[in-house]
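In case you want the letters, here they are:
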Protein chains: 2
Amino acid sequence: MATIRDVAKLAGVSVATVSRVLNKNGYVNKDTEQKVAKAIEQLNYEPNAVARGLAGKQTGTIALILPDIANPFFPGIARGVEDVAQKHGFTVILCNSDDQGHKEKSYIEMLRKKYVDGIIFASNTLGQDDVEQMNKNNIPLVVLDRAPTSQSCSVIRSRNYKGAKLAVQHLLDIGCKKIAHLYGPQELITAKKRMLGYEESVLHFPWYTPSLMVPGHFKMDGGLAAVKELFAKHPDVDGIFCGNDLMAVGALKGLHQLGVRVPDDVALIGFDGISLTEITQPELSTIAQPNYDMGSLAAKVLIETIESGVKEAKLYELDVELIVRDSTKR
Amino acid sequence: MATIRDVAKLAGVSVATVSRVLNKNGYVNKDTEQKVAKAIEQLNYEPNAVARGLAGKQTGTIALILPDIANPFFPGIARGVEDVAQKHGFTVILCNSDDQGHKEKSYIEMLRKKYVDGIIFASNTLGQDDVEQMNKNNIPLVVLDRAPTSQSCSVIRSRNYKGAKLAVQHLLDIGCKKIAHLYGPQELITAKKRMLGYEESVLHFPWYTPSLMVPGHFKMDGGLAAVKELFAKHPDVDGIFCGNDLMAVGALKGLHQLGVRVPDDVALIGFDGISLTEITQPELSTIAQPNYDMGSLAAKVLIETIESGVKEAKLYELDVELIVRDSTKR
DNA sequence: ATGAAAGCGCTAACAC
DNA sequence: GTGTTAGCGCTTTCAT
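Residues numbered from 1 in each chain as written. Chains lettered and ligands numbered in written order. Predicted model: local features only at pLDDT ≥ 70, side-chain atom pairs only at ≥ 80, totals over all residues. Heavy atoms only, no water.

Visitor: Sorry if this is basic, but what is going on with the interface of chain A and chain B here?
Guide: Reports often express the size of an interface as the amount of accessible area lost when the parts come together. Contacts between the two partners involve 48 residues from chain A, matched on the other side by 48 residues from chain B. Of the roughly 4200 Å² buried where chain A meets chain B, counting both sides, 56% is carbon and sulfur surface. Ranking the residues of chain A by area buried against chain B places A:V50, A:R79 and A:I279 at the top, with a combined share of 16%. Here chain A and chain B share 8 salt bridges between them. (Contact = heavy atoms within 4.5 Å. Buried area = accessible area lost by both parts, 1.4 Å probe. Salt bridge = Lys/Arg side-chain N within 4 Å of Asp/Glu carboxyl O.)

Right, dumping it as structure tokens:
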């Protein structure tokens, strides 16, 4: 492979000049620029990204840390991130943290050593100390689905509270008389907000009681188990708002096993808008999050931060959308 | 951040010695090793990966190029790749090619500039010329689901032909009297082999006719459309082997719309073993590929090649498994 | 067993 | 406008 020196020699100029035309900075005569361009062309020269990285401390690489790419919630985000990264000439490193703090820390360590230009966190175990650490190391980060902190980092999330209210209102609208909620891990802000939205929507109804809220851990199995637990206590429930789609799918399975018909006996709605919801029978109503958009926005914000060098700590809230399908059609 | 020079100074040795203990190569006295270790500890020194990459031409990075991480077939593979990469201290760059040759080429270009140590291709548009190009550039690669070529690169795939025969045999075993096949794009070797397996299993039956094979493009919509086309011609079909699960899900939808009961009227089996198949009602029988394992094996083979420097071009065929669920239970 | 020094390929002061 | 040169932080001969 040709180096910048080869180009300089062939063009009869110095490496500095070549570097200038490469990076389009500094003054350079039109004519010499032409000569350099020709030399580059002739030698089929490609700048070496690693050398660039070492010299300039910028590698054109960002990392995406998420719990598990195999969880259907994340591929859409990943795709969004990668698309805009790619468009801006950045490359994306994928990291699966399994929501384990130590894995996350070791990734961060490794990424720092590799001079990644920035990190997107879609993981839930990122500690306050980690954020500080990154800030100290001056590496920009954007986090997904977390509360804004005092630290300087931008947050992207969707309107979970509003979405929950939308979901419950929809169930009320179609005539539900007793609505339950399957909720996720309360250390996740998303799960919390959704539960809050539910609670505040139903608190004033005479039928409301806290035992209408059952934990389902954001998982399919959890949803299945939860629905059984729920019906043992409240066989008269006629509407369920699930904190995420995975639990809704599990709930659907559970209801099926119990011989409860959806939507006739019980109307069911989830949250997230993953593609699984279009596959069940009946198809599931859901509150769709702009999954892909969250990823692409995160990348956009991060890359802007990287390229401008200005660290701002904004909060971006994306809108959610009620998608009505057969599971709530009466 | 401390550099190797700082460590050398503090330990009272030369940078060469520090480098030796870092890389555990060359001779170094036990005592000096201790001193160096202590200095490293004290300074909290971490070697700079970029500088290492520039000096040594090895970056500890591999790339995974696949059509689309949002396609449910790939996250499992990606997870498998990342897990073993991580275990070996490698980092994974994710690339979505959308099966477009030009995107793939531009990724390769970029990856080469970044000194990635190797590439895993799960993409279908990789040309023979690209492989040669990589070989010339001496960058190891492992490909998934492709025919072995004359070029030196290893291939990982699962037994598609055998899986197809397994599927058809299963349909025969449960008493199907007329079996159809929805097939995928014939430029994909996986689609081809599966069709071949079907054909050779049913060719000798009097009921067999080529119009029992209908294209479904490996997509959900395609499966849905295909099943309608199929039933227009062959309303007496009582078993369908779908070339992949996505089409099977679509087919299930289509059959539902046609008022055909599964499995009572028509038994349905897919191929791939993606998680969607556990979500439908009824759950879908399928031929499961060891998705995760294909990814982890690919990474293992690639990293071995990288670390040993020995390029072998082996073919690894992984076994598939018949998973019987309600869609073929009679 | 250890050190000096020449790169790896590029960027960016600084000088002209 | 262009060239010289000193890094970036590490690896790796080649001496000793």
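Visitor: How should I be thinking about the sheet that holds strand β7 (residues 213–215) of chain B in this particular structure?
Guide: Paired through their backbone hydrogen bonds, the strands of a sheet run either parallel or antiparallel. Residues and elements named next belong to chain B. The strand order β7-β6-β8-β9-β10-β12 describes an open sheet built from 6 strands, whose pairing is mixed. Two strands lie at the open edges of the sheet, namely β7 and β12 (321–323), each paired on one side alone. Averaged over neighbouring strand pairs, the angle between their axes works out to 20 degrees when direction is ignored. Pairing of strand β10 (residues 285–288) with β12, which is carried by 3 bridges, proceeds in the antiparallel orientation. Within the sheet, the bridge partner assigned to T286 lies in β12 and is I323. Where helix α8 (residues 160–173) meets the sheet, it contacts β6 (179–183), β8 (239–242), β9 (267–272), β10 and β12, and its direction lies at approximately 165 degrees from that of β9. Sheet strands touched by helix α9 (residues 189–202): β6, β7, β8 and β9. Its angle to β6, the strand with the most contacts, is close to 165 degrees. (Pairing = 2+ DSSP bridges. Helix = DSSP H or I, 4+ residues; strand = E, 2+ residues; numbered from the N terminus. Axes fitted to C-alpha atoms, helices over the stretch in contact; angles between N-to-C directions.)

Visitor: How do you make sense of the pattern of salt bridges when you look at a structure like this?
Guide: Pairing between side chains becomes possible if they bear opposite charge and their charged atoms approach one another. Under the criterion given, the structure shown has 40 salt bridges over all chains. A salt bridge links A:K105 to A:D129; the shortest N-O distance between them is 3.6 Å. Placement of A:K105 in helix α6 (residues 101–113) and of A:D129 in helix α7 (residues 128–136) is noted, with a sequence separation of 24 residues between them. What makes A:D129 partly exposed here is its relative accessible area of 46%. A salt bridge links B:E46 to A:K113; the nearest nitrogen and oxygen atoms lie 3.3 Å apart. (Buried < 20%, exposed > 50% of the residue type's maximum accessible area, 1.4 Å probe, protein only.)

Visitor: Looking at this model, I keep getting lost on the environment of B:I179. Mind explaining?
Guide: Residues and elements named next belong to chain B. The residue I179 is located in strand β6 in this model. Classification of I179 by relative accessible area gives buried; the value is 0%. Distance in space between the C-alpha atoms of I179 and L224 is 17 Å, their sequence separation being 45 residues. Not counting residues up to four positions away in its chain, the partners in contact with I179 are V168, L171, L172, Y198, W207, L212, G239 and F241.

Visitor: Looking at this structure, I do not really get the protein's contact with DNA strand D. What am I missing?
Guide: Lining the immediate environment of DNA strand D, one finds 27 residues, of which A:T17, A:R20, A:N29, B:I4 and B:Y45 sit closest. Among all atoms of DNA strand D positioned within 4 Å of the protein, those belonging to sugar or phosphate total 60%. Here A:S14 contributes a backbone N or O atom positioned 2.8 Å from a phosphate oxygen of DNA strand D. Between DNA strand D and B:N23, the relevant distance is 3.1 Å, taken from a phosphate oxygen to a side-chain nitrogen or oxygen of the residue. The dominant element in the surface near DNA strand D, judged by the number of residues it contributes, is helix α2 (residues 15–23) of chain A, at 4 residues. Split into classes, the residues belonging to the surface near DNA strand D amount to 14 nonpolar, 9 polar and 4 charged. (Near = heavy atom within 4 Å. Polar contact = N/O pair within 3.5 Å; in protein donor to acceptor, adjacent residues only side chain to side chain. Nonpolar A, V, L, I, M, F, W, Y, C, P; charged D, E, K, R; others polar.)

Visitor: Is there a simple way to explain the side chain of A:T190 in this structure?
Guide: Assignment of secondary structure puts A:T190 in helix α9 (residues 189–202). Each residue touching A:T190, except ones within four places of it in the same chain, is listed here: A:D145, A:N160 and A:F218.

Purely geometric numbers; function is a separate question.
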